[in-house]
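Read off the chains here:
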Amino acid sequence: MTAFDVMERRMWGGQADAYARTAARLCVHTVPALLDAAGVATGTRLLDVGCGSGNVSAAALGRGAAVRAVDAEPGMVEATRRAAPGAEVRSGVLPQLPYADGEFDAVVANFVLNHVGRPLEALVEMRRVTRPGGTIAVTIWQLPGAPGQALVGRAAQAAGLTRPDWPATVDEEHNFARTPDGLAALLTSAGLGNVRSTTHTWDHRATPDDWWAGPAAGIGSTGTLLTGAGPEGVAAAKREYDALCGEFLADDGLLTLPHAAVLATGTA
């Protein structure tokens, strides 16, 4: 594993419940489009890579697919087993999937390539387990992001919080532009054909307390920034956050948070 992969395992260890209560409610927005792009229907042999709390697997089962799922975090494996009891779920870490060559009609990965140190190798492995002519569909967070994606990070910056020393970044030689063109180029480099890549946008709605809860629990890179700041730093960021929320607050008391992701597909 790269230093980035080691960091990811540390960051997400034991976070399955917190993720399900917070960020999973955001990531579910792309699930219908992801499954549509992969052509998931009755009888599709589907692999859900990085299954998280099981939203993708559960939705695919609802379409009649034969679902298998894999995640690096044991707590996520258990969460998916609860959410999608008809799926076969096991532990596994990219870029080594515990499946045979050409075993699946479709492979999907919802916001997974953001969390691996060698994205190209991860895609090559997904292609390996997809049958010739099968479809791979993936999403990533688009950068630069939509305004809603940056709210808590802006608060942390305004409070003067600084990044801890221990988080790593993807090595430059393995990184790619987090844009439609950048993701399309990565899929092409992995040997996929008929590559298509588009921006997928939506407004996520949440109470201010719910939106704060994910990073405050340590979810994601902004969560790492908060939890490394100590109680005084967290309190300072929360004050800035409360002030910034007015930019997104609707009359019903919920935040309306614009988000943007990249959805790309290709054939094996």
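Refer to the preceding data block for the structure.
Residues numbered from 1 in each chain as written. Predicted model: local features only at pLDDT ≥ 70, side-chain atom pairs only at ≥ 80, totals over all residues. Heavy atoms only, no water.

S.K.: Help me out: how do you make sense of the packing of helix α8 (residues 151-158) against helix α12 (residues 230-244) in this one?
M.R.: Two numbers describe a pair of packed helices, the interaxial angle and the distance between the axes. Viewed as axis vectors pointing N to C, α8 and α12 meet at an angle of 130°, and their least axial separation amounts to 8 Å. By the criterion of interaxial angle, the relationship of α8 to α12 is oblique. The two elements α8 and α12 cross, and the hand of that crossing is right-handed. Here α8 contributes Leu151, Val152, Arg154, Ala155, Ala156 and Ala158 to the contact with α12, which in turn contributes Ala237, Glu240, Tyr241 and Leu244. Its residues placed into classes, the contact of α8 with α12 shows 8 nonpolar, no polar and 2 charged. (Axes fitted to C-alpha atoms, helices over the stretch in contact; angles between N-to-C directions. Helix = DSSP H or I, 4+ residues; strand = E, 2+ residues; numbered from the N terminus. Parallel < 35°, antiparallel > 145°, perpendicular 65-115°, else oblique. Left-handed = near helix turned anticlockwise from the far one by under 90°. Contact = heavy atoms within 4.5 Å. Nonpolar A, V, L, I, M, F, W, Y, C, P; charged D, E, K, R; others polar.)

S.K.: Please explain the packing of aromatic side chains as it appears in this structure.
M.R.: The final tally for this structure, using the stated rule, is 5 aromatic pairs. Here Trp12 and Tyr19 contribute two aromatic rings whose centre-to-centre distance is 5.8 Å and whose plane-to-plane angle is 80°, an arrangement assigned as edge-to-face. Neither Trp12 nor Tyr19 differs from the other in exposure class; each is buried. Aromatic ring contacts, followed pair by pair, group Phe111, Trp141 and Trp202 into a single cluster. Between Arg178 and the ring centre of Phe176, over which it is positioned, the NZ or CZ distance is 4.2 Å. Lying over the aromatic face of Trp212, Lys238 brings its terminal NZ or CZ to 6.0 Å of the ring centre. (Phe/Tyr/Trp six-rings, centres within 6.5 Å; stacked < 30°, edge-to-face > 60°. Buried < 20%, exposed > 50% of the residue type's maximum accessible area, 1.4 Å probe, protein only. Lys NZ or Arg CZ within 6 Å of the ring centre and 35° of its normal.)

S.K.: Whenever I open this one, empty space enclosed by the protein confuses me. Can you help?
M.R.: Gaps between atoms show up when a probe of the same size as a water molecule is rolled over them. All chains considered together, the criterion is met by 1 cavity of 30 Å³ or more. Computed from the structure, the largest cavity encloses a volume of approximately 40 Å³. In this structure, the largest cavity is lined by Asp5, Leu94, Pro95, Val116, Gly117, Arg118 and Ala122. Looking at the lining of the largest cavity residue by residue, the class counts come to 4 nonpolar, 1 polar and 2 charged. (1 Å grid on protein atoms, 1.4 Å probe; cavity = no way out; pocket = protein on both sides within 12 Å on 5 of 7 lines; lining within 4 Å. Points joined across faces, edges and corners; volume = space filled by probe spheres on them.)

S.K.: Looking at this structure, I do not really get the pattern of salt bridges. What am I missing?
M.R.: Any two side chains of opposite charge can pair, given that their charged atoms come close. Enumeration over the complete set of coordinates arrives at 13 salt bridges. A salt bridge links Arg68 to Glu88, with the nearest nitrogen and oxygen atoms 3.7 Å apart. Residue Arg68 is found in strand β2 (residues 66-71), and its partner Glu88 is found in strand β3 (residues 88-91); the two are separated by 20 residues along the sequence. A relative accessible area of 28% means that Arg68 is categorised as partly exposed. On the accessibility criterion, Glu88 (34% relative accessible area) is partly exposed. Asp242 is paired through a salt bridge with Lys238; the nearest N and O atoms lie 2.8 Å apart. (Salt bridge = Lys/Arg side-chain N within 4 Å of Asp/Glu carboxyl O.)

S.K.: Explain the sheet that holds strand β5 (residues 130-141) to me, please; I cannot follow it from the model alone.
M.R.: In sheet architecture, strand pairing relies on hydrogen bonds along the backbone and comes in two forms, parallel and antiparallel. Spatially, β3-β2-β1-β4-β5-β7-β6 is the arrangement adopted by the 7 strands of the open sheet, whose pairing is mixed. The open sheet is flanked by β3 and β6 (193-206), the only strands paired with a single partner. Each strand of the sheet is rotated relative to its neighbour by a mean of 20°, with strand direction disregarded. Helix α6 (residues 74-83) rests against β2 and β3 of the sheet, and its axis sits at about 175° to β3. (Pairing = 2+ DSSP bridges.)

S.K.: Just to check I follow, could you spell out helix α5 (residues 55-62) for this structure?
M.R.: Considered for burial, the residues of α5 that qualify are Val56, Ser57 and Ala60. In an axial view of α5, the angular spread of the buried residues amounts to 95°, which keeps them on one side of the axis. Contacts made by the buried residues of α5 are with α4 (31-37), β1 (45-49), β2, α6 and β4 (104-110). Gly64 lies just past α5 and shows a positive phi near 90°. (Arc of directions from axis to C-beta.)

S.K.: Would you mind going over the pairing of β1 with me for this structure?
M.R.: Looking along a regular strand, one sees the side chains alternate between the two faces of the sheet. Counting buried positions along β1 gives 4 out of 5 residues, so the element sits mostly inside the fold. Once you follow β1 into α5 and on to β2, the crossover reads as right-handed. Here β1 runs beside β4; their pairing, made up of 3 bridges, is parallel. Across the sheet, Asp48 pairs through a bridge with Val108, a residue of β4. (Right-handed = clockwise from strand over helix to strand, strands pointing away.)

S.K.: Got a minute to help me understand the packing of helix α7 (residues 119-128) against helix α9 (residues 180-189) in this structure?
M.R.: In the contact formed by α7 and α9, the axes pass within 9 Å of each other and the chain directions differ by 55°. Here α7 is positioned oblique relative to α9, judged by the angle of their axes. Along this stretch, α7 crosses α9, giving a crossing that reads as right-handed. Contacts from Pro119, Leu120 and Leu123 in α7 reach Leu186, Leu187 and Ser189 in α9. Partitioning the contact of α7 with α9 into residue classes produces 5 nonpolar, 1 polar and no charged.

Any functional reading would require information beyond the geometric quantities listed.
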